[in-house]
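What follows is each chain in one-letter form.
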Amino acid sequence: MNTDNQKLLELRGLRTYFFTRQGVVKAVDDVSFTVEKGEVIGLVGESGCGKSITSLSILRMVPEPAGKIVGGKILFKNENLLEKSEEEMRQIRGNRISMILQDPMVALNQLLKIGYQLSEPLKYHGKAMGQIREKCIELLKKVRVSSPETRISEYPFQFSGGMCQRVVIGMGVSCEPDLLIADEPTTALDVTIQAQILRLLKRVKAEFNASIIIITHDLALAAQICTRVLVMYAGKIIEKAPVKVFYENSAHPYSNGLIRSVPVVGRRVERLYSIEGQPPSLLNPTAGCRFAPRCQKAKRICNLQYPPEVILGDGHKVACWLYAEE
Amino acid sequence: MQNLDDLIAVRNLKKHYLLTKGFVFSKIAGYVKAVDDISFSISSGRTLGLVGESGCGKSTTARLLLGLESPTSGKVYFEGKNISTRKGPELIKFRKNIQAVFQDPFRSLNPRKKIRQIIAEPLWVHKTLPKKKISTRVCALLETVGLSASHADLYPHEFSGGQRQRIAIARALALNPKAIILDEPVSALDVSIQAQILNLLIDLQNQFHLAYLIISHDLAVIEHVSDHIGVMYLGKLVEMAPRDKIYSNPLHPYTRALLDSVPVADPTMIKDVGLEDEVPSPLNPPTGCRFHPRCGFRDNECSRVAPELVDVGAEHYVACHLS
Amino acid sequence: MSIVALYFFTVIFGPLITPHDPFKTNLNKALLPPFWQSEVSTDHLLGTDSMGRDILSRLIYGARTSMIVSLLALCICAPMGVLFGLISGYFGGKVDTIIMRFTDLWMSMPAIITAILMVSLLGPSKQTVIIVVGITGWIHYARIIRGEVLSYKEREFVQLARVTGCSNTRIIFSHIFPNVVNSLIILVTLDFGRVIIITATLSFLGLGIQPPSAAWGLMLAEGRQYITYAWWMSAFPGIAILFAVLGMNMTGDWLRDVLDPKQKLR
């Protein structure tokens, strides 16, 4: 099943560093993964683990000059995005790969009409000449915005947060991209609206046959929509697993702890498991496993050498010394 | 409902904000009923959780209890005494009984002060301790919340989010309050840190016999820490019950919808149902039951008559015509 | 930065480094050009004025005058503005409306006209300049500080201070004020330039510092009638004003970058 034409995106040893006054921050440090067609990947991790920077790197939108992609390859349909010119990247952004940001109120320009903002990617990428208005209305219908004919000439402040997020998703899929990156798409929204957006994303995925990378800190969200989960910790991917395997049988002590520390509705426990300590600084990380200082199962080698990636089962890989031979 | 002997008892509390139109000769354009006639009680050592979506009035309720806003009408009793009408020095004196921890630990600590000053401030203001003992007390508080005394001379920006929330908790504990209002205490924190803070809060409650009012949009967090849970919708309490009742036997359609919407960290339990539309504007709330436009079980009566919060037995209250 | 350092240096050590007595007139040496144009002597580096006074010495003394006037004026307007800004921002409501409408009114009158009006009432002198510049300047402080206060007032740490039971005075001075000090420092440096210009303008118009004192604006005015054949009389004070203002503005920008706490974290 892992044939090359199934592969949509492949990251190989991606490194994105930030050069600051205090030193080099290794925000993304040797990250490799693949996204196949039709997959929904959950990139899960806590704030500052490098998950957002990974997604920005894919679009080559790392904030410069502090941030720089210093190594690795990003293969999108077998072409290395890191070798593309800025002009070629512009043709890809919003067209083949598009992105949905966390806060819909900020993602939309408050001074432009919804219709205008929706039509921008269409115009720019030369889709739907002439019948732009019809196309926009159709898009709004697809993301379930009621009475799109009138709403198209309204401004974002007349929309609620959930409605704005629908419009943002509409913009994201307007050019029928192959890959949609959603950075915390529901974090800023209320519970009932979150559920709506989640359902919408699933529908959009089915309708446009796009692959999705969902970046989130919310394990419950990831469980609901993803087919595969990647866990990131301090700039490294520490575990990759199909969603069911991940929630039933996570191998890395960090993933395990994370799952156990989230309270689940209807399954109250007397005391939550908690991972002690704080996530490490990405400035001068240790040579060993970055989770080792917080890990209860840490061995001597964990602090000395970074663990190799071990294959545990079909699509289940973990970087941990508990499963590797020293 | 429960009697007034509880530590905190709230009766028919209302907070309406006036909206005006026009610049020079302003007219009243309407009221936003942020909190509309709610009553509840909290006893010592217990936790009441208030849950609801943004704009439901849960944070306003917290501000009313803290005396940061004065109610339009209604009463707040603390140890049987009405405190909602207090002003001036009397209010200041009372304030040491109820403290608060807010959502954003980055904004709730004064960035220009050292941790020592931040935690000691309540002690300075109320002069409950001789000056010499303040320093010892600060160190003891830091240790209570799982930090070390050596942290006292650092500034807030030198700490991570979870540590700052611990500092905020230490400050809230400084005056030995009887109750703490927790407004979204963990929602700005990372998953692994959330569990640490929730466990700390539970430990402190057992240690100091504190009453908590915890406000959150996260039903899982609320379930974990609360003894009683109140569900709010557009300024009204629609259901209130002991924790297990809410989760095992939710009676109000809104409570059910909320529970249906919460994603579960289990890929074998995919949820695909839930409300399709949004919360109406609080400026023009629907007539009758405020939830009726979104409710799948509504009938004619729902749009005309607002249901009362009624006791359906075993401390379970619900405001719905159908139950 | 170095301009400002030089400025402060001349202000403090002025009397020690002046080559000549700035007030000594010598009509034999009147209107000497600066040293690179002069065949007669290189004694007066920047030449002399119509009364034969050394221009460099007068510039140095002028720096002192402008500095003293500006500092004293700032001592009036900054505290006044900060106080009104804090009160207006923190208490809001009617107090805020009254103060802000008053500043609107005040701002709708050009500062220089107000100044001229006040000078004509009080009579021109150094003290008048200080008072005039002081009370025309506080508006900016009040408005900007008010804005800052408004944003801090809603911060959770201020709310928590109220929950704790802190008095309003304590909240204003112990919680809000330390947070606006940064902006205040930047404002003051930037305002310094403005004050130097207004002082110079008033002196130039003959409404400020009176001869024979050495002041840049005054020197500029004195040189005006000789501009065709003794350009140096007005050029050097002009350049001095330019650089002093420029230097202060650049210092202000630099301070803004340095004092920004977010920059520190980076």
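Residues numbered from 1 in each chain as written. Chains lettered and ligands numbered in written order. Predicted model: local features only at pLDDT ≥ 70, side-chain atom pairs only at ≥ 80, totals over all residues. Heavy atoms only, no water.

**Considerations on the environment of B:Ser59**
Residues and elements named next belong to chain B. Along the chain, Ser59 falls in helix α1 (residues 58-66). Under the relative-accessibility criterion, Ser59 is labelled partly exposed at 31%. Sequence spacing of Ser59 and Val186 is 127 residues, and the spatial spacing of their C-alpha atoms is 15 Å. (Helix = DSSP H or I, 4+ residues; strand = E, 2+ residues; numbered from the N terminus. Buried < 20%, exposed > 50% of the residue type's maximum accessible area, 1.4 Å probe, protein only.)

**Some thoughts on the packing of aromatic side chains**
Applying the stated criterion across every chain yields a total of 14 aromatic pairs over all chains. Summarising the aromatic geometry, the rings of A:Tyr233 and A:Phe291 are spaced 5.3 Å apart at their centres and angled 90° between planes, so their arrangement reads as edge-to-face. Of this pair, A:Tyr233 sits in strand β9 (residues 228-233) while A:Phe291 sits in the loop between α11 (253-261) and β11 (309-313); the two residues are 58 residues apart in sequence, bridging distant segments of the chain. Joined through ring pairs, the aromatic side chains of C:Phe84, C:Phe102, C:Trp106 and C:Trp138 make up one cluster. Geometry around A:Phe159 places A:Arg151 over its ring, the cationic atom sitting 4.2 Å from the centre. Over the aromatic face of A:Tyr273 sits the side chain of A:Arg260, whose NZ or CZ is 3.9 Å from the ring centroid. (Phe/Tyr/Trp six-rings, centres within 6.5 Å; stacked < 30°, edge-to-face > 60°. Lys NZ or Arg CZ within 6 Å of the ring centre and 35° of its normal.)

**Topic: a nonpolar patch on the surface**
Residues and elements named next belong to chain C. Taken together, Ile239, Leu242, Phe243, Leu246 and Met250 make up a surface patch of nonpolar side chains, about 460 Å² in accessible area. Examined against the element boundaries, Met250 turns out to sit in helix α9 (residues 232-259). Accessibility expressed as a relative area gives 45% for Met250, which makes it partly exposed. (Patch = residues over 30% accessible without salt bridge, like charges linked within 9 Å, V, L, I, M, F, W, Y side chains within 5 Å. Areas by Shrake-Rupley, 256 points an atom, 1.4 Å probe, with all protein chains shown as cover. Salt bridge = Lys/Arg side-chain N within 4 Å of Asp/Glu carboxyl O.)

**What about the nonpolar core?**
Counting 102 residues, the largest nonpolar core has A:Leu9, A:Ile97, A:Leu179, A:Ile181, A:Ile213 and A:Tyr247 as the members making the most contacts within it. If you tally residues by element for this core, the top one is helix α8 (residues 191-208) of chain A, at 7 residues. Not counting the four nearest positions on each side in its chain, A:Leu9 is found in contact with A:Phe33, A:Thr34, A:Val35, A:Ile58, A:Ile74, A:Leu75, A:Phe76, A:Leu179 and A:Ile213. With 64 residues, the next largest nonpolar core counts B:Val51, B:Val145, B:Val221 and B:Phe291 among its residues. (Core = buried A, V, L, I, M, F, W, Y, C linked by side-chain atoms within 4.5 Å. Contact = heavy atoms within 4.5 Å.)

**Examining the pairing of β11(A)**
Residue and element names in this part refer to chain A. By the bridge criterion, 4 bridges tie β11 to strand β12 (residues 316-319) in an arrangement that is antiparallel. Paired with Val310 across the bridge in β12 is Val318. Two successive antiparallel strands, β11 and β12, enclose a turn made up of 2 residues, where Gly315 displays a positive phi of approximately 75°. (Pairing = 2+ DSSP bridges.)

**Structural notes on unusual backbone geometry**
All names here are of chain B. Residue Asn12 is not a glycine yet carries a positive backbone phi of 50°. Looking at the element boundaries, Asn12 is found in strand β1 (residues 8-21). A residue is classified by how much of its surface remains accessible, and Asn12, at 40% relative accessible area, is partly exposed. The phi dihedral of His209 falls on the positive side, at around 55°, and the residue is not glycine.

**Here's the deal with the confidence of the model for chain C**
All names here are of chain C. In this model, chain C carries a mean pLDDT of 80, and residues with pLDDT of at least 70 account for 90%. For chain C, helix α10 (residues 261-265) is the element with the lowest average pLDDT, namely 47, and helix α3 (residues 93-107) is the one with the highest, namely 86. Here the complex is predicted with pTM 0.82, and the ipTM for its interfaces comes to 0.80. (pLDDT = per-residue confidence, 0-100.)

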